[in-house]
Amino acid sequence: MKTLNLKAITIDAGTQTRARTNEAKVFEYAEAMEEGAAFPPIRVFYDGNLYYLADGFHRYFAHIKAGKVSIICEVTNGSLRDAILYSLSANAKHGLQRTPEDKRRGVVIMLEDFEWREWSDREIARRNEVSHTFVSKRSEEHTSELQSRVDISYAVFCLKKK
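Read on for a plain summary of the structure.

Rules used in this analysis
- Residues numbered from 1 in each chain as written.
- Predicted model: local features only at pLDDT ≥ 70, side-chain atom pairs only at ≥ 80, totals over all residues.
- Heavy atoms only, no water.
- Pairing = 2+ DSSP bridges.
- Helix = DSSP H or I, 4+ residues; strand = E, 2+ residues; numbered from the N terminus.
- Core = buried A, V, L, I, M, F, W, Y, C linked by side-chain atoms within 4.5 Å.
- Buried < 20%, exposed > 50% of the residue type's maximum accessible area, 1.4 Å probe, protein only.
- Contact = heavy atoms within 4.5 Å.
- Expected span 1.5 Å × (residues − 1).
- Phe/Tyr/Trp six-rings, centres within 6.5 Å; stacked < 30°, edge-to-face > 60°.

Details of the pairing of strand 5 (residues 70–77)
For step 1, the next point in the chain: Across four bridges, strand 1 (residues 2–5) lies against strand 5 in antiparallel orientation. Residue pairing across strands places Asn5 opposite Ser70, the latter belonging to strand 5.
For step 2, the next point in the chain: By the bridge criterion, five bridges tie strand 3 (residues 42–46) to strand 5 in an arrangement that is parallel. Counterpart to Val44 in the pairing with strand 5 is Val75.

Some remarks on the nonpolar core
For step 1, the next point in the chain: Of all hydrophobic cores here, the largest spans 12 residues; its members are Ile84, Leu85, Leu88, Val107, Met110, Leu111, Trp116, Ile124, Ala125, Val130, Phe134 and Val135.
For step 2, the next point in the chain: At the level of secondary structure, the elements contributing two or more residues to this core comprise helix 3 (80–87), helix 4 (100–111), helix 5 (121–128) and helix 6 (132–161).
For step 3, the next point in the chain: Considering each element in turn, this core owes the most residues, three residues, to helix 4.
For step 4, the next point in the chain: Apart from the residues lying within four places of it in its own chain, the contact partners of Met110 are Leu85, Leu88, Trp116, Arg117, Trp119, Ile124, Arg127 and Asn128.
For step 5, the next point in the chain: Judged by nonpolar contacts, the second largest core, of 11 residues, contains Leu6, Ile9, Phe57 and Ile71.

Considering helix 4
For step 1, the next point in the chain: Its 12 residues place the ends of helix 4 17 Å apart at the C-alpha level, agreeing with the 16 Å of an ideal helix rising 1.5 Å per residue.
For step 2, the next point in the chain: Taken together, the buried positions of helix 4 are occupied by Asp102, Gly106, Val107, Met110 and Leu111.

Here's the deal with the packing of aromatic side chains
For step 1, the next point in the chain: All chains considered together, the criterion is met by six aromatic pairs.
For step 2, the next point in the chain: Taking 5.5 Å as the distance between ring centres and 55° as the angle between the ring planes, the aromatic pair formed by Phe45 and Tyr86 counts as tilted. You can see Phe45 sitting in strand 3 and its partner Tyr86 sitting in helix 3, a full 41 residues away along the chain.
For step 3, the next point in the chain: Taking relative accessible area as the criterion, Phe45 reaches 6% and is therefore assigned buried.
For step 4, the next point in the chain: The exposure class of Tyr86 is partly exposed, given its relative accessible area of 31%.
For step 5, the next point in the chain: Where Tyr60 meets Phe61, the ring centres are 5.4 Å apart and the plane angle is 85°; that geometry is what we call edge-to-face.
For step 6, the next point in the chain: Residue classification places Tyr60 among the buried positions, given a relative accessible area of 5%.

This is the structure in structure tokens:
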């Protein structure tokens, strides 16, 4: 455990895998903090230079809202990619439960990654803590969407050639 200044934590490097922040939950947490409630530490990954927030965005923002300047963290040595991979399954079993949109976003993050997209649907599912059928469906949708983008780009290219 380590106490870090909130400003020392990188929050804008792609480690927030939720579709959006639940402002009502941030407000609820901040009120509870102001009344003395204790919260679990957030999880950050440290690459020797930066601390990347991987789990605890709502708690992080609640600390800011409550006027706090520091927060207790569980620090794991690792890269930005390690932090993103960890964040994909954050809240699968605790905290503010993930929405279907959050789960979809996590799968799509992996499907768009140069390395992770090569993994099997079952491995992507395991990392996101969703079913492999959920991943298969997202993969089909994603492939179809990418093909549509290619078709549109080609059509625009052909029009510009004329």
